[in-house]
Amino acid sequence: MRHNRPLETPAETELSVRERLAVLQERDFVFFLSAKILVTLAAEMVSVAVGMQVYELTGDLLALGLVGLAQFLPFVVLILPAGQVADRKERSRIIAVCFALQGLASAALLAITLSGWREVGLIYAVLVLLGCARAFMMPASQAVLINLVSAPRFAQAVALHSSSFHIAVIVGPVLGGIVYLGGPHAVYVASTTLFFCAVLLMSRVRSGLRHVAAQEGDRGAGAVFEGLRFVFSRPVVLGAVSLDLFAVLFGGAVALLPAMATDVLHTDAAGLGLLRAATAVGAALAAAMLVWRPIRRNVGPWMFGGVALFGASMVLFGLSTSLLLSVIALALSGAGDMVSVYVRQILVQHETPDEIRGRVSAVNSVFIGASNQLGDFESGVAARLLGLVPAVVFGGAATLAVAGGWMKLFPVLARMDTFPHLLAAEARERKNETL
């Protein structure tokens, strides 16, 4: 028989609030979180500046798609070896080095802009460097989070990390759009400063450095693919990460936002910043709700429902000619995506042994990177072939089709009631009660 949790009393609610905020007492988590916020602010500002700069220089929708492709190609080549590095080296130091590389890339964009160079090829070359940095940063940062907090606080850390990340994604594009009014060089000065401040913060993290000693059998080409073998051996994990891949691959329209802002909504750089921030507003609100009310039951339906909301919202965004309605649609898409991300991250991290967590996080990063950067390229190609608005609408409809298809392909995931680690904990509690 399934036992439902009783409603919380006011005292329990007050205690719960204190417990949920207690994760901020974890020193290394606070340094890591602060650094990630600064890096996210800087990265979003750079994204706004590069998108506007490339579109102003070329006026070509496909050129916007190439911005994503330039970052995706080095990412997909390096990500699996990067996962092995994250399992064998000090994860926090890997992250600090990647932050520094991003700072150097931002400084290079500043130099290109100040020189008056108008060929976008050099900008794409710098974006390749950003892709390399992201390839090594993502598996290390995903794998290290669970090592920075005590086990009972991990779900809280996931929600707070996601909420803070999306708040930075809200502020970053708006700030980038406003600063861009002074020229792209102003954005690159600010972002370079933020990147190197993040390096200083990350250098203060001491836990999560070398949690697993490198094993003799943990070397060579075979070890690089260990994370891939693990994911494909676990249908629940495979279903969760591949759902995100195909949903965002088709439904994401970030690369087309400069064109939508200019050609459909007839707004300026500040309006573009609002559009880019809208997705994060919805995601941040959803993440904040998850801090106070974590998902414990019906986790599978919640995840698929989030993906469906994302797809439907992108259809609405594609059909909208109003800036306000477009902002609302993008906010709803962010909320739906946040629910899916929350479920997936807890599921994958708890199902993965620490000794291969970096490599499994690398596989997860491949799926995330493919859905984002390759999705940007897909959006550019679709817009060239179908037209701007039809491409966005088609992408949202395709996401809805993916959600329905994955429910058929992975029925165990679609019907999952609770996380396996919580189910095991409840079983232990019931066993102890009978003793």
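None of the values given here were measured: they were computed from a predicted structure. (Residues numbered from 1 in each chain as written. Predicted model: local features only at pLDDT ≥ 70, side-chain atom pairs only at ≥ 80, totals over all residues. Heavy atoms only, no water.)

Peer 1: I keep staring at the environment of Glu355 and nothing clicks. Help me out?
Peer 2: As for its placement among the helices and strands, Glu355 is situated in the loop between helix H14 (323-351) and helix H15 (357-386). Between the C-alpha atoms of Glu355 and Arg88, which are 267 residues apart in sequence, the distance is 8.8 Å. (Helix = DSSP H or I, 4+ residues; strand = E, 2+ residues; numbered from the N terminus.)

Peer 1: Would you mind showing me how to read the side chain of Thr113 here?
Peer 2: With respect to the element layout, Thr113 can be found in helix H4 (residues 91-115). Judged by relative accessible area, Thr113 falls into the buried class, the value being 18%. The contacts of Thr113, once residues within four sequence positions are left out, are Gln53, Pro184, His185 and Tyr188. (Buried < 20%, exposed > 50% of the residue type's maximum accessible area, 1.4 Å probe, protein only. Contact = heavy atoms within 4.5 Å.)

Peer 1: What should I look at first to understand the packing of aromatic side chains in this one?
Peer 2: The full count for this structure, using the stated rule, is 2 aromatic pairs. Consider the rings of Phe246 and Trp406, whose centres lie 5.3 Å apart with planes at 50°: the pair is tilted. With Phe246 in helix H10 (residues 235-251) and Trp406 in helix H16 (residues 388-409), this residue pair connects regions lying 160 residues apart in the sequence. Trp406 sits in the buried class, given a relative accessible area of 15%. Seen in terms of ring centroids, Trp406 and Phe410 are 6.3 Å apart; in terms of plane orientation they differ by 40°. Their pairing is tilted. (Phe/Tyr/Trp six-rings, centres within 6.5 Å; stacked < 30°, edge-to-face > 60°.)

Peer 1: Teacher, can you tell me more about the side chain of Ser242 here?
Peer 2: By the element assignment, Ser242 lies in helix H10. What makes Ser242 buried here is its relative accessible area of 5%. At 3.4 Å, the side chain of Ser242 and the backbone oxygen of Gly239 are in polar contact. (Polar contact = N/O pair within 3.5 Å; in protein donor to acceptor, adjacent residues only side chain to side chain.)

Peer 1: Can you help me understand the pattern of salt bridges in this one?
Peer 2: Pairing is possible between side chains that carry opposite charge, provided their charged atoms lie close to one another. Tallied over the full model, the rule gives 6 salt bridges. A salt bridge links Arg91 to Asp87; the nearest nitrogen and oxygen atoms lie 3.1 Å apart. The pair formed by Arg91 and Asp87 is uniform in burial state, with each residue classed as buried. Asp87 is paired through a salt bridge with Arg359; the nearest N and O atoms lie 2.7 Å apart. Note that Asp87 is positioned in helix H3 (residues 61-88) and Arg359 in helix H15, a separation of 272 residues in sequence. Note on Asp87: relative accessible area 4%, which makes it buried. (Salt bridge = Lys/Arg side-chain N within 4 Å of Asp/Glu carboxyl O.)

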